[in-house]
Amino acid sequence: MESFSLILAIVVITALAFDFTNGFHDTANAMATTISTGALKPKVAVALSAALNLVGAFLSVEVANTISKGLVDETGIRPEVIFAALVGAILWNLLTWLVGLPSSSSHALMGGLIGAAIASAGFGAVHGGVLVTKVLLPAVAAPVVAGLAAMVSTRLSYTIGRKSDGKAAEKGHRAGQIASAGLVSLAHGTNDAQKTMGVITLALIAGGAIAPGSNPPTWVILSAGLAIALGTYIGGWRIIRTMGKGLTDLQPQQGFAAQTSAATAILASSHLGFSLSTTHVVSGSVMGAGLGRKGGVVRWSTATRMAVAWILTLPAAALVGAGAELVTGLGDWGTALVALFLVASSAVIYKLSRREVVDHTNVNHEEPAGVVTQAIAAVTPPPASPVAAGPAAPEPLAAQAAEQPLTVPAPEPLTVPAPEDLAAAFPAQATAPAVPAAQAADPAPTAAQAVPPAATV
(Lines give C-alpha, C1' and ligand atoms only; values in the text may rest on other atoms or scores of the structure.)
Protein backbone atom coordinates (compact mmCIF):
# COMPACT_ATOMS: atom_id res chain seq x y z
CA MET A 1 0.00 0.00 0.00
CA GLU A 2 2.94 2.33 0.72
CA SER A 3 4.43 1.79 -2.73
CA PHE A 4 1.01 2.35 -4.26
CA SER A 5 0.64 5.62 -2.35
CA LEU A 6 4.10 6.60 -3.56
CA ILE A 7 3.21 6.01 -7.21
CA LEU A 8 0.01 7.97 -6.75
CA ALA A 9 1.99 10.91 -5.34
CA ILE A 10 4.40 10.64 -8.28
CA VAL A 11 1.47 10.74 -10.69
CA VAL A 12 0.04 13.87 -9.07
CA ILE A 13 3.41 15.64 -9.12
CA THR A 14 3.98 14.65 -12.76
CA ALA A 15 0.51 15.88 -13.68
CA LEU A 16 1.23 19.25 -12.13
CA ALA A 17 4.54 19.32 -14.01
CA PHE A 18 2.62 18.77 -17.23
CA ASP A 19 0.25 21.57 -16.22
CA PHE A 20 3.27 23.84 -15.77
CA THR A 21 4.55 23.01 -19.28
CA ASN A 22 1.03 23.56 -20.60
CA GLY A 23 1.11 27.05 -19.10
CA PHE A 24 4.33 28.28 -20.71
CA HIS A 25 3.64 26.33 -23.90
CA ASP A 26 0.27 28.00 -24.41
CA THR A 27 1.02 31.53 -23.19
CA ALA A 28 1.28 32.49 -26.85
CA ASN A 29 -2.36 31.62 -27.38
CA ALA A 30 -3.46 34.44 -25.12
CA MET A 31 -0.76 37.09 -25.43
CA ALA A 32 1.25 36.63 -28.64
CA THR A 33 -0.77 39.09 -30.72
CA THR A 34 -1.02 41.56 -27.83
CA ILE A 35 2.76 41.54 -27.43
CA SER A 36 3.52 41.67 -31.17
CA THR A 37 1.31 44.74 -31.74
CA GLY A 38 2.73 46.53 -28.70
CA ALA A 39 -0.59 46.73 -26.86
CA LEU A 40 1.11 45.41 -23.70
CA LYS A 41 4.69 45.04 -22.55
CA PRO A 42 5.80 41.37 -22.59
CA LYS A 43 6.18 40.93 -18.82
CA VAL A 44 2.93 42.75 -18.07
CA ALA A 45 1.11 40.58 -20.63
CA VAL A 46 2.26 37.26 -19.16
CA ALA A 47 1.49 38.43 -15.59
CA LEU A 48 -2.07 39.38 -16.59
CA SER A 49 -2.51 36.08 -18.42
CA ALA A 50 -1.27 34.08 -15.42
CA ALA A 51 -3.73 35.75 -13.06
CA LEU A 52 -6.67 35.15 -15.37
CA ASN A 53 -5.62 31.54 -15.95
CA LEU A 54 -5.91 30.96 -12.22
CA VAL A 55 -9.36 32.53 -12.10
CA GLY A 56 -10.53 30.55 -15.12
CA ALA A 57 -9.61 27.25 -13.46
CA PHE A 58 -12.53 27.68 -11.05
CA LEU A 59 -15.23 28.45 -13.63
CA SER A 60 -16.10 24.96 -14.88
CA VAL A 61 -15.29 21.24 -14.61
CA GLU A 62 -17.00 19.99 -17.78
CA VAL A 63 -13.75 19.38 -19.69
CA ALA A 64 -12.23 17.66 -16.66
CA ASN A 65 -15.20 15.29 -16.60
CA THR A 66 -14.74 14.56 -20.31
CA ILE A 67 -11.22 13.31 -19.63
CA SER A 68 -11.80 11.57 -16.31
CA LYS A 69 -15.12 9.96 -17.23
CA GLY A 70 -15.43 9.73 -21.00
CA LEU A 71 -12.21 9.29 -22.98
CA VAL A 72 -10.91 6.05 -21.45
CA ASP A 73 -12.47 3.31 -19.37
CA GLU A 74 -11.86 4.02 -15.69
CA THR A 75 -11.94 0.34 -14.72
CA GLY A 76 -8.62 -1.41 -15.01
CA ILE A 77 -6.60 1.83 -15.34
CA ARG A 78 -3.64 1.82 -12.95
CA PRO A 79 -1.81 4.94 -11.75
CA GLU A 80 1.24 3.79 -13.71
CA VAL A 81 -0.81 4.12 -16.91
CA ILE A 82 -1.54 7.75 -16.18
CA PHE A 83 2.10 8.36 -15.28
CA ALA A 84 3.19 6.94 -18.63
CA ALA A 85 0.63 9.11 -20.42
CA LEU A 86 1.98 12.22 -18.73
CA VAL A 87 5.55 11.33 -19.74
CA GLY A 88 4.53 11.25 -23.40
CA ALA A 89 2.66 14.56 -23.10
CA ILE A 90 5.47 16.39 -21.28
CA LEU A 91 8.19 15.31 -23.70
CA TRP A 92 6.13 16.35 -26.73
CA ASN A 93 5.41 19.74 -25.14
CA LEU A 94 9.10 20.31 -24.48
CA LEU A 95 10.21 19.24 -27.95
CA THR A 96 7.75 21.51 -29.74
CA TRP A 97 8.62 24.36 -27.37
CA LEU A 98 12.30 23.92 -28.22
CA VAL A 99 11.64 24.40 -31.95
CA GLY A 100 9.07 27.14 -31.34
CA LEU A 101 6.04 25.31 -32.73
CA PRO A 102 2.64 26.04 -31.14
CA SER A 103 1.35 22.47 -30.96
CA SER A 104 -1.58 21.34 -28.84
CA SER A 105 -0.87 20.48 -25.21
CA SER A 106 -4.40 19.08 -24.99
CA HIS A 107 -3.81 16.61 -27.80
CA ALA A 108 -0.42 15.69 -26.36
CA LEU A 109 -2.10 14.75 -23.09
CA MET A 110 -4.88 12.83 -24.80
CA GLY A 111 -2.45 11.08 -27.12
CA GLY A 112 -0.30 9.95 -24.21
CA LEU A 113 -3.38 8.77 -22.33
CA ILE A 114 -4.70 6.86 -25.34
CA GLY A 115 -1.36 5.19 -26.04
CA ALA A 116 -0.78 4.18 -22.41
CA ALA A 117 -4.34 2.88 -22.04
CA ILE A 118 -4.06 0.77 -25.21
CA ALA A 119 -0.69 -0.63 -24.09
CA SER A 120 -2.18 -1.52 -20.71
CA ALA A 121 -5.69 -2.79 -21.49
CA GLY A 122 -6.04 -2.95 -25.28
CA PHE A 123 -8.03 -0.88 -27.74
CA GLY A 124 -11.23 -1.48 -25.82
CA ALA A 125 -9.99 0.85 -23.08
CA VAL A 126 -10.52 3.87 -25.34
CA HIS A 127 -14.01 5.14 -26.06
CA GLY A 128 -13.87 5.75 -29.80
CA GLY A 129 -17.11 7.73 -29.96
CA VAL A 130 -15.91 10.27 -27.40
CA LEU A 131 -12.53 10.50 -29.14
CA VAL A 132 -14.13 11.33 -32.49
CA THR A 133 -16.93 13.65 -31.38
CA LYS A 134 -15.20 15.58 -28.60
CA VAL A 135 -11.55 15.52 -29.67
CA LEU A 136 -10.92 14.87 -33.37
CA LEU A 137 -13.86 16.73 -34.93
CA PRO A 138 -13.33 19.87 -32.81
CA ALA A 139 -9.62 19.73 -33.71
CA VAL A 140 -10.49 19.97 -37.41
CA ALA A 141 -13.37 22.41 -37.11
CA ALA A 142 -11.91 24.79 -34.53
CA PRO A 143 -9.18 26.49 -36.60
CA VAL A 144 -11.48 26.75 -39.63
CA VAL A 145 -14.36 28.31 -37.71
CA ALA A 146 -12.12 30.65 -35.73
CA GLY A 147 -10.21 31.64 -38.87
CA LEU A 148 -13.35 32.53 -40.81
CA ALA A 149 -14.74 34.47 -37.86
CA ALA A 150 -11.49 36.41 -37.46
CA MET A 151 -11.28 37.18 -41.18
CA VAL A 152 -14.83 38.58 -41.24
CA SER A 153 -14.23 40.52 -38.02
CA THR A 154 -11.03 42.02 -39.41
CA ARG A 155 -12.73 43.23 -42.57
CA LEU A 156 -15.59 44.72 -40.55
CA SER A 157 -13.11 46.49 -38.27
CA TYR A 158 -11.34 48.13 -41.20
CA THR A 159 -14.60 48.99 -42.94
CA ILE A 160 -16.18 50.58 -39.89
CA GLY A 161 -13.03 52.45 -38.90
CA ARG A 162 -12.22 53.72 -42.38
CA LYS A 163 -13.57 57.24 -41.71
CA SER A 164 -12.47 57.48 -38.09
CA ASP A 165 -9.36 59.19 -36.80
CA GLY A 166 -6.39 56.89 -37.30
CA LYS A 167 -4.72 57.40 -33.93
CA ALA A 168 -7.95 57.30 -31.97
CA ALA A 169 -9.06 54.11 -33.75
CA GLU A 170 -5.70 52.45 -33.15
CA LYS A 171 -5.82 53.36 -29.47
CA GLY A 172 -9.33 51.95 -29.18
CA HIS A 173 -8.34 48.71 -30.89
CA ARG A 174 -5.37 48.34 -28.57
CA ALA A 175 -7.66 48.68 -25.55
CA GLY A 176 -10.07 46.19 -27.07
CA GLN A 177 -7.19 43.84 -27.79
CA ILE A 178 -6.11 43.89 -24.15
CA ALA A 179 -9.66 43.07 -23.06
CA SER A 180 -10.01 40.25 -25.60
CA ALA A 181 -6.58 38.84 -24.65
CA GLY A 182 -7.71 38.76 -21.05
CA LEU A 183 -10.80 36.89 -22.15
CA VAL A 184 -8.64 34.33 -23.97
CA SER A 185 -6.53 33.88 -20.83
CA LEU A 186 -9.67 33.32 -18.80
CA ALA A 187 -10.91 30.80 -21.35
CA HIS A 188 -7.52 29.09 -21.42
CA GLY A 189 -7.63 28.57 -17.68
CA THR A 190 -11.17 27.28 -17.96
CA ASN A 191 -10.31 24.81 -20.73
CA ASP A 192 -6.69 23.74 -20.32
CA ALA A 193 -6.36 23.70 -16.53
CA GLN A 194 -9.31 21.33 -16.46
CA LYS A 195 -7.38 18.76 -18.49
CA THR A 196 -4.89 18.35 -15.66
CA MET A 197 -7.75 18.28 -13.17
CA GLY A 198 -9.27 15.43 -15.16
CA VAL A 199 -6.02 13.47 -15.24
CA ILE A 200 -5.42 13.85 -11.49
CA THR A 201 -9.03 12.89 -10.79
CA LEU A 202 -8.63 9.83 -13.00
CA ALA A 203 -5.48 8.87 -11.08
CA LEU A 204 -7.27 9.29 -7.75
CA ILE A 205 -10.11 7.09 -8.98
CA ALA A 206 -7.62 4.49 -10.25
CA GLY A 207 -5.82 4.57 -6.90
CA GLY A 208 -9.03 4.20 -4.92
CA ALA A 209 -8.68 7.60 -3.25
CA ILE A 210 -12.09 8.83 -4.47
CA ALA A 211 -15.17 7.09 -5.79
CA PRO A 212 -15.66 6.53 -9.53
CA GLY A 213 -17.60 9.32 -11.26
CA SER A 214 -16.53 11.98 -8.73
CA ASN A 215 -15.87 15.56 -9.70
CA PRO A 216 -12.37 17.01 -9.12
CA PRO A 217 -11.75 17.86 -5.45
CA THR A 218 -11.16 21.49 -4.52
CA TRP A 219 -7.44 20.96 -3.81
CA VAL A 220 -7.04 19.50 -7.31
CA ILE A 221 -8.68 22.54 -8.89
CA LEU A 222 -6.51 24.92 -6.85
CA SER A 223 -3.23 23.11 -7.51
CA ALA A 224 -3.94 22.78 -11.23
CA GLY A 225 -4.82 26.47 -11.47
CA LEU A 226 -1.63 27.52 -9.66
CA ALA A 227 0.58 25.27 -11.78
CA ILE A 228 -0.74 26.56 -15.11
CA ALA A 229 -0.60 30.16 -13.86
CA LEU A 230 3.06 29.76 -12.85
CA GLY A 231 3.94 28.25 -16.21
CA THR A 232 2.13 31.08 -17.97
CA TYR A 233 4.08 33.69 -16.02
CA ILE A 234 7.39 32.05 -16.96
CA GLY A 235 6.38 32.70 -20.56
CA GLY A 236 6.94 30.45 -23.56
CA TRP A 237 8.80 33.16 -25.45
CA ARG A 238 9.84 30.93 -28.35
CA ILE A 239 6.26 30.09 -29.24
CA ILE A 240 5.15 33.68 -28.61
CA ARG A 241 7.64 34.80 -31.27
CA THR A 242 6.34 32.23 -33.77
CA MET A 243 2.70 33.07 -33.14
CA GLY A 244 3.20 36.84 -33.05
CA LYS A 245 5.84 37.40 -35.74
CA GLY A 246 6.41 34.15 -37.60
CA LEU A 247 2.86 33.48 -38.81
CA THR A 248 1.78 36.92 -40.03
CA ASP A 249 2.23 40.63 -39.30
CA LEU A 250 -0.67 41.96 -37.27
CA GLN A 251 -2.00 45.45 -36.70
CA PRO A 252 -4.14 46.32 -33.63
CA GLN A 253 -7.38 45.87 -35.60
CA GLN A 254 -6.33 42.37 -36.60
CA GLY A 255 -5.16 41.46 -33.12
CA PHE A 256 -8.46 42.55 -31.63
CA ALA A 257 -10.45 40.51 -34.18
CA ALA A 258 -8.26 37.42 -33.72
CA GLN A 259 -8.43 37.43 -29.93
CA THR A 260 -12.16 38.08 -29.79
CA SER A 261 -12.94 35.25 -32.21
CA ALA A 262 -10.67 32.85 -30.35
CA ALA A 263 -12.12 33.68 -26.93
CA THR A 264 -15.66 33.16 -28.18
CA ALA A 265 -14.85 29.75 -29.65
CA ILE A 266 -12.95 28.55 -26.56
CA LEU A 267 -15.60 29.62 -24.05
CA ALA A 268 -18.36 28.02 -26.13
CA SER A 269 -16.45 24.74 -26.35
CA SER A 270 -15.71 24.73 -22.61
CA HIS A 271 -19.42 25.17 -21.87
CA LEU A 272 -20.25 22.21 -24.15
CA GLY A 273 -17.53 20.00 -22.66
CA PHE A 274 -15.40 19.83 -25.81
CA SER A 275 -11.72 19.32 -25.03
CA LEU A 276 -10.74 21.95 -27.55
CA SER A 277 -7.16 22.88 -28.35
CA THR A 278 -6.68 26.57 -27.65
CA THR A 279 -3.59 26.42 -29.88
CA HIS A 280 -5.67 25.34 -32.87
CA VAL A 281 -8.26 28.02 -32.21
CA VAL A 282 -5.83 30.90 -31.77
CA SER A 283 -3.63 29.83 -34.70
CA GLY A 284 -6.65 29.69 -36.96
CA SER A 285 -7.89 33.09 -35.80
CA VAL A 286 -4.43 34.66 -36.34
CA MET A 287 -4.28 33.33 -39.90
CA GLY A 288 -7.83 34.51 -40.56
CA ALA A 289 -6.97 37.98 -39.26
CA GLY A 290 -3.88 38.04 -41.46
CA LEU A 291 -5.97 37.28 -44.55
CA GLY A 292 -8.72 39.69 -43.53
CA ARG A 293 -6.62 42.81 -44.01
CA LYS A 294 -6.15 44.05 -47.55
CA GLY A 295 -2.58 43.30 -48.51
CA GLY A 296 -2.11 41.05 -45.49
CA VAL A 297 -0.18 37.84 -45.91
CA VAL A 298 0.25 34.56 -44.08
CA ARG A 299 3.62 32.84 -44.01
CA TRP A 300 2.47 29.48 -45.26
CA SER A 301 5.83 27.83 -44.59
CA THR A 302 5.33 28.43 -40.87
CA ALA A 303 1.67 27.42 -41.11
CA THR A 304 2.69 24.17 -42.82
CA ARG A 305 5.17 23.35 -40.06
CA MET A 306 2.45 23.97 -37.50
CA ALA A 307 -0.01 21.74 -39.34
CA VAL A 308 2.52 18.92 -39.47
CA ALA A 309 3.08 19.27 -35.71
CA TRP A 310 -0.68 19.15 -35.14
CA ILE A 311 -1.01 15.96 -37.14
CA LEU A 312 1.90 14.29 -35.35
CA THR A 313 0.89 15.30 -31.83
CA LEU A 314 -1.61 12.56 -31.05
CA PRO A 315 0.33 9.61 -32.54
CA ALA A 316 3.73 10.80 -31.27
CA ALA A 317 2.55 11.30 -27.71
CA ALA A 318 0.64 8.01 -27.91
CA LEU A 319 3.79 6.12 -28.97
CA VAL A 320 5.85 7.59 -26.13
CA GLY A 321 3.04 6.92 -23.67
CA ALA A 322 2.70 3.33 -24.83
CA GLY A 323 6.46 2.75 -24.58
CA ALA A 324 6.57 4.25 -21.10
CA GLU A 325 3.66 2.06 -20.02
CA LEU A 326 5.43 -1.09 -21.22
CA VAL A 327 8.48 -0.16 -19.13
CA THR A 328 6.47 0.75 -16.02
CA GLY A 329 4.73 -2.62 -16.31
CA LEU A 330 8.02 -4.27 -15.37
CA GLY A 331 7.67 -3.12 -11.77
CA ASP A 332 8.84 -0.37 -9.48
CA TRP A 333 12.29 -0.28 -11.06
CA GLY A 334 10.64 0.21 -14.44
CA THR A 335 8.70 3.18 -13.10
CA ALA A 336 11.91 4.62 -11.64
CA LEU A 337 13.65 4.15 -15.00
CA VAL A 338 10.87 6.03 -16.83
CA ALA A 339 11.02 8.86 -14.28
CA LEU A 340 14.81 9.07 -14.72
CA PHE A 341 14.40 9.16 -18.49
CA LEU A 342 11.86 11.99 -18.21
CA VAL A 343 14.15 14.08 -15.99
CA ALA A 344 17.22 13.49 -18.15
CA SER A 345 15.39 14.26 -21.39
CA SER A 346 13.95 17.45 -19.93
CA ALA A 347 17.41 18.55 -18.80
CA VAL A 348 18.89 17.92 -22.26
CA ILE A 349 16.11 19.89 -23.97
CA TYR A 350 16.59 22.78 -21.55
CA LYS A 351 20.34 22.81 -22.20
CA LEU A 352 19.75 22.89 -25.95
CA SER A 353 17.38 25.81 -25.54
CA ARG A 354 20.18 27.87 -23.92
CA ARG A 355 22.12 27.94 -27.19
CA GLU A 356 19.75 30.58 -28.50
CA VAL A 357 17.93 32.33 -25.69
CA VAL A 358 14.55 33.86 -26.46
CA ASP A 359 13.00 35.98 -23.72
CA HIS A 360 10.99 39.16 -23.21
CA THR A 361 13.86 41.30 -24.51
CA ASN A 362 13.95 39.83 -28.02
CA VAL A 363 10.55 38.18 -28.41
CA ASN A 364 9.45 40.76 -31.00
CA HIS A 365 12.49 40.30 -33.19
CA GLU A 366 11.91 38.72 -36.57
CA GLU A 367 11.86 34.95 -36.54
CA PRO A 368 15.20 33.57 -37.82
CA ALA A 369 15.22 31.92 -41.22
CA GLY A 370 14.74 28.19 -41.29
CA VAL A 371 17.31 25.60 -42.29
CA VAL A 372 16.03 25.35 -45.87
CA THR A 373 16.04 29.13 -46.34
CA GLN A 374 19.59 29.38 -45.02
CA ALA A 375 20.76 26.58 -47.30
CA ILE A 376 19.24 28.25 -50.37
CA ALA A 377 20.85 31.55 -49.44
CA ALA A 378 24.22 29.85 -49.05
CA VAL A 379 24.27 28.33 -52.56
CA THR A 380 22.63 31.22 -54.42
CA PRO A 381 25.24 33.36 -56.29
CA PRO A 382 25.18 37.11 -55.73
CA PRO A 383 23.46 39.25 -58.39
CA ALA A 384 25.64 40.29 -61.33
CA SER A 385 26.88 43.86 -61.51
CA PRO A 386 25.20 46.00 -64.21
CA VAL A 387 28.64 47.03 -65.57
CA ALA A 388 30.88 44.19 -66.64
CA ALA A 389 34.12 44.46 -64.76
CA GLY A 390 37.47 43.67 -66.33
CA PRO A 391 39.84 41.00 -65.09
CA ALA A 392 40.97 41.54 -61.57
CA ALA A 393 44.52 42.70 -61.00
CA PRO A 394 46.94 40.32 -59.34
CA GLU A 395 46.92 40.51 -55.60
CA PRO A 396 50.37 42.15 -55.15
CA LEU A 397 49.61 44.83 -57.77
CA ALA A 398 46.21 45.50 -56.32
CA ALA A 399 47.66 45.86 -52.85
CA GLN A 400 50.42 48.15 -54.16
CA ALA A 401 47.88 50.29 -56.02
CA ALA A 402 45.82 50.58 -52.87
CA GLU A 403 48.85 51.65 -50.84
CA GLN A 404 50.42 54.03 -53.49
CA PRO A 405 47.87 56.15 -55.32
CA LEU A 406 48.61 57.01 -58.97
CA THR A 407 50.06 60.54 -59.48
CA VAL A 408 50.20 62.45 -62.81
CA PRO A 409 53.10 64.95 -63.18
CA ALA A 410 52.17 68.55 -63.99
CA PRO A 411 52.95 69.70 -67.64
CA GLU A 412 55.94 71.99 -68.21
CA PRO A 413 55.15 75.61 -69.27
CA LEU A 414 55.19 76.33 -73.04
CA THR A 415 57.99 78.74 -74.13
CA VAL A 416 57.99 80.75 -77.42
CA PRO A 417 61.49 81.33 -78.97
CA ALA A 418 62.63 84.89 -79.70
CA PRO A 419 62.77 86.14 -83.35
CA GLU A 420 66.60 86.25 -83.41
CA ASP A 421 66.70 82.64 -82.31
CA LEU A 422 64.37 81.66 -85.13
CA ALA A 423 66.55 83.59 -87.65
CA ALA A 424 69.62 81.77 -86.50
CA ALA A 425 67.91 78.40 -86.68
CA PHE A 426 66.40 78.97 -90.12
CA PRO A 427 68.72 81.05 -92.55
CA ALA A 428 67.10 83.31 -95.17
CA GLN A 429 66.17 81.65 -98.53
CA ALA A 430 67.10 83.02 -101.99
CA THR A 431 64.94 85.89 -103.10
CA ALA A 432 62.51 85.47 -105.98
CA PRO A 433 63.48 86.98 -109.44
CA ALA A 434 62.57 90.58 -110.00
CA VAL A 435 59.38 91.42 -111.82
CA PRO A 436 59.65 93.80 -114.81
CA ALA A 437 58.35 97.28 -114.27
CA ALA A 438 55.76 96.99 -116.98
CA GLN A 439 54.38 93.88 -115.46
CA ALA A 440 54.49 95.43 -112.08
CA ALA A 441 52.49 98.44 -113.40
CA ASP A 442 49.99 96.25 -115.17
CA PRO A 443 49.87 92.95 -113.37
CA ALA A 444 46.88 91.58 -115.31
CA PRO A 445 48.17 89.30 -118.15
CA THR A 446 47.04 89.70 -121.74
CA ALA A 447 45.22 86.97 -123.59
CA ALA A 448 48.42 85.99 -125.42
CA GLN A 449 50.28 85.82 -122.20
CA ALA A 450 47.51 83.93 -120.52
CA VAL A 451 47.40 81.10 -123.13
CA PRO A 452 50.56 79.03 -123.12
CA PRO A 453 52.19 78.17 -126.47
CA ALA A 454 51.11 74.99 -128.08
CA ALA A 455 53.39 72.10 -127.65
CA THR A 456 55.25 71.00 -130.70
CA VAL A 457 55.41 67.41 -131.63
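It should be emphasised that the depicted structure is a prediction, and the values quoted were computed from it without experimental measurement.

Procedures and definitions
Residues numbered from 1 in each chain as written. Predicted model: local features only at pLDDT ≥ 70, side-chain atom pairs only at ≥ 80, totals over all residues. Heavy atoms only, no water. Helix = DSSP H or I, 4+ residues; strand = E, 2+ residues; numbered from the N terminus. Buried < 20%, exposed > 50% of the residue type's maximum accessible area, 1.4 Å probe, protein only. Areas by Shrake-Rupley, 256 points an atom, 1.4 Å probe, with all protein chains shown as cover. Axes fitted to C-alpha atoms, helices over the stretch in contact; angles between N-to-C directions. Left-handed = near helix turned anticlockwise from the far one by under 90°. Contact = heavy atoms within 4.5 Å. Nonpolar A, V, L, I, M, F, W, Y, C, P; charged D, E, K, R; others polar. Core = buried A, V, L, I, M, F, W, Y, C linked by side-chain atoms within 4.5 Å. Phe/Tyr/Trp six-rings, centres within 6.5 Å; stacked < 30°, edge-to-face > 60°. pLDDT = per-residue confidence, 0-100. Salt bridge = Lys/Arg side-chain N within 4 Å of Asp/Glu carboxyl O.

Asks: Tell me about the overall build of the protein, residues and numbers included.
Replies: Helix and strand content of the protein: 19 helices and 0 strands. The buried share of the protein, reckoned over its 457 residues, is 46%. Of the roughly 23100 Å² of accessible surface on the protein, a fraction of 70% belongs to carbon and sulfur atoms.

Asks: Just give me the short version of the packing of helix α5 (residues 79–98) against helix α6 (residues 105–121), but keep the residues and values in it.
Replies: Put simply, α5 and α6 touch, their axes get as near as 7 Å, and they point 145 degrees apart. The element α5 and its partner α6 pack so that their crossing is right-handed. Listed contacts from α6 to Val81, Ala84, Ala85, Leu86, Ala89, Trp92 and Asn93 of α5 are Ser105, Ala108, Leu109, Gly112, Leu113, Ala116, Ala117 and Ser120. When its residues are assigned to classes, the contact of α5 with α6 shows 11 nonpolar, 4 polar and no charged.

Asks: How would you explain the nonpolar core if you had to name every residue and give the values?
Replies: Among the nonpolar cores identified, the biggest contains 90 residues, and Ile82 and Leu86 are the most heavily contacted of them. A total of 14 residues in this core trace back to one element, the largest contributor, which is α5. Contacts of Leu86, omitting those with residues within four sequence positions, involve Val11, Thr14, Ala15, Phe18, Leu109 and Val199.

Asks: Got a sec to walk through the packing of helix α2 (residues 27–36) against helix α3 (residues 42–56)? Specific residues and values, please.
Replies: Axis separation between α2 and α3 bottoms out at 10 Å; the angle between their running directions is 145 degrees. Seen along the crossing, α2 lies across α3 with a hand that is right-handed. Here Thr27, Ala30, Met31 and Ile35 of α2 come into contact with α3, specifically with Pro42, Ala45, Val46, Leu48 and Ser49. Class assignment of the residues belonging to the contact of α2 with α3 gives a composition of 7 nonpolar, 2 polar and no charged.

Asks: Quick rundown of the packing of aromatic side chains? Include the residues and the values.
Replies: Counting across every chain of the model gives 2 aromatic pairs. Between Phe20 and Phe24, the aromatic rings sit 5.6 Å apart at their centres with planes inclined by 70 degrees, giving edge-to-face as the arrangement. Separated by 4 residues within a single helix, Phe20 and Phe24 lie in helix α1 (residues 2–25), roughly one turn from each other. Take Phe20: its relative accessible area is 28%, and that puts it in the partly exposed class. Taking the centre distance of 5.6 Å and the plane angle of 75 degrees together, the rings of Phe24 and Trp97 count as edge-to-face. Taken together, the residues span a long stretch of sequence, with Phe24 in helix α1 and Trp97 in helix α5 at a distance of 73 residues.

Asks: Account for the confidence of the model for the protein, with residues named and values stated.
Replies: The share of residues in the protein with pLDDT of 70 or more is 74%, and the mean pLDDT across the chain is 76. Per-element confidence in the protein ranges from a low mean pLDDT of 40 for helix α15 (residues 371–379) to a high of 92 for helix α14 (residues 332–353). Contacts of residues 453–457 to residues separated by more than four positions or lying in other chains number 0 contacts, the stretch itself having pLDDT below 50.

Asks: Let's hear about the pattern of salt bridges: which residues, and what values?
Replies: Under the defined criterion, the tally for this structure stands at 3 salt bridges. The salt bridge partner of Arg78 is Glu325, with a shortest N-O separation of 2.6 Å. Placement of the pair is Arg78 in the loop between α4 (62–71) and α5 and Glu325 in helix α13 (residues 300–328), with a sequence separation of 247 residues. Here Arg78 falls in the partly exposed class, since its relative accessible area comes to 31%. Given the relative accessible area of 4%, Glu325 is considered buried. As a salt-bridge pair, Glu356 and Arg241 come within 3.9 Å of each other at their nearest N and O atoms. Placement of the pair is Glu356 in the loop between α14 and α15 and Arg241 in helix α10 (residues 237–246), with a sequence separation of 115 residues. Its relative accessible area of 42% is what places Glu356 among the partly exposed residues. Since its relative accessible area comes to 8%, Arg241 is described here as buried.

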